[in-house]
Amino acid sequence: MHKCMRIFSLIESQKWFTFDGRQRLCHPLPSVRVGHMWVQIMFKTSGGRRPKKKTYYRVNELDRVMELQKKPSLILRLKSIIQSQKNQCLLLRDLEKEVGFVQKWNFMGIIEKYPSIFRVTGGNRTPPMVMLAEKADKVALEESEARAQMEPILVKTLRKLLMLSVDCMLPLETIQLIENELGLPSDFEQSLVPKYPQFFSVKDVNGRTFLQLENWDSSLAVTAREERLVHEGVLTSKVQARILKDGNYVGPFAFQLRYPAGFRPNVNYLKEVQKWQKMEFPSPYLNARRFELADPKAQKRVVAVLHEFLSLTMEKRLTSGQIDAFHSEFRLPARLLLCLIKHQGIFYITNKGINL
């Protein structure tokens, strides 16, 4: 899979989306067709026509990634729960309080299946409890050391995230929604933020706690897309760029495209893509209030904002709910899903979400 195709957003596994009456989000659709999924787009008509369906082609490799990640996600969550306990162990009778009655049995299965990671002690007069096995505990310690070494990278990521927002400030609760995806420690507001008063401050606004950027750094206002172009010598090259048959254009305002297998764009589609690829657009680090969303250049800038947002994460992916939490701060469009579907050569939407 091409490097650019690591950038994709996740949608919870049970969700299907319908756009009704000029692309309005409605209730989920009930079925899936193997190889691709139907995104139903409804238009008001005077007659009884059937709604048009747009085929959204699947990338099996990316869907498979999500399937394979379900068990490791359970393991990591249980590890975090154990580490959050005062004595680094969890009574099995308290597991239900942490994860709920239904999910408790999934975690019990994980504990039984992986004795090299989780060790159960107790019995008879002592209530059974679970803790990390010796080898797993050693790995967890190495993880803490790795996070400490990554601290400069995490600080840079957090600064860039704040720079993407319109007021260079974000609610702490919103950042906490993606702390794992950014690689931040679970207590970053206590362990990381106070160490860098020159970069961050915490303030209360209308009863909500916000993290604010103290100083703007122009050297950080460079997107991952631009860094790649510099590395490839595109921005410094004087050779006239060519447009390839798949719509890829080696230019300063172009995005790298990778279409799913089975997607065969026609000539008219490629002409529109080529026109869009050549279009200039403002930097996603400029304040969004300066632009009218109806402007095609501003619409392309929204794509750049989403691209950069996903690029800041460890695995270049987020759930639809996580992205939507930043809707007002990033000035994202109301029909966000439609934007992602329209640019399926840049983003990939999978319904193979992780349910915990």
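Residues numbered from 1 in each chain as written. Predicted model: local features only at pLDDT ≥ 70, side-chain atom pairs only at ≥ 80, totals over all residues. Heavy atoms only, no water.

Where an unreviewed UniProt entry is consulted, the chain appears under the name Protein ROOT PRIMORDIUM DEFECTIVE 1 isoform X2, with the organism given as Nicotiana tabacum.

Q: What am I meant to see in the sheet that holds strand β7 (residues 126-132) here?
A: What links the strands of a sheet is backbone hydrogen bonding, and the strands pair in either a parallel or an antiparallel sense. In space, the three strands of this open sheet follow the order β5-β7-β6, with antiparallel pairing throughout. Here the strands that pair on one side only, and so sit at the sheet edges, are β5 (89-91) and β6 (118-123). Strand-to-strand, the axes of this sheet are offset by a mean angle of 25 degrees, without reference to chain direction. One ladder, built from five bridges, connects β6 with β7; its direction is antiparallel. Along β7, the bridge assignment pairs Phe-118 with Leu-132. Docked against the sheet, helix α2 (residues 70-84) engages β5, β6 and β7, running at close to 115 degrees with respect to β7. (Pairing = 2+ DSSP bridges. Helix = DSSP H or I, 4+ residues; strand = E, 2+ residues; numbered from the N terminus. Axes fitted to C-alpha atoms, helices over the stretch in contact; angles between N-to-C directions. Contact = heavy atoms within 4.5 Å.)

Q: What is the right way to read the layout of surface pockets from this model?
A: One water molecule sets the probe size; rolling that probe over the atoms shows where empty space is left. Estimated volume of the second largest pocket: approximately 970 Å³. As for the second largest pocket, its lining consists of 32 residues, and the residues nearest its centre are Trp-276, Leu-338, Cys-339, Lys-342 and His-343. Put simply, the parts of the chain that give the lining of the second largest pocket at least two residues each are β4 (52-57), α11 (267-278), α12 (296-311) and α15 (336-342). (1 Å grid on protein atoms, 1.4 Å probe; cavity = no way out; pocket = protein on both sides within 12 Å on 5 of 7 lines; lining within 4 Å. Points joined across faces, edges and corners; volume = space filled by probe spheres on them.)

Q: Looking at this structure, I do not really get the confidence of the model for the chain. What am I missing?
A: Model confidence for the chain is summarised by a mean pLDDT of 81, while 79% of its residues fall at 70 or above. The secondary structure element of the chain with the lowest average pLDDT is strand β2 (residues 18-19), at 34, and the one with the highest is helix α6 (residues 151-164), at 97. Every residue in residues 9-46 scores below 50 in pLDDT, and together they form 104 contacts with partners more than four places removed in sequence or on other chains. (pLDDT = per-residue confidence, 0-100.)

Q: Would you explain the pattern of salt bridges in this entry?
A: Side-chain pairing between opposite charges can occur once the charged atoms of the two side chains come close. Scanning the entire structure with this criterion turns up 13 salt bridges. As a salt-bridge pair, Asp-63 and Arg-58 come within 2.9 Å of each other at their nearest N and O atoms. Here Arg-58 falls in the buried class, since its relative accessible area comes to 9%. Three or more residues are tied together by salt bridges with common partners; here these are Lys-79, Glu-143 and Arg-147. (Salt bridge = Lys/Arg side-chain N within 4 Å of Asp/Glu carboxyl O. Buried < 20%, exposed > 50% of the residue type's maximum accessible area, 1.4 Å probe, protein only.)

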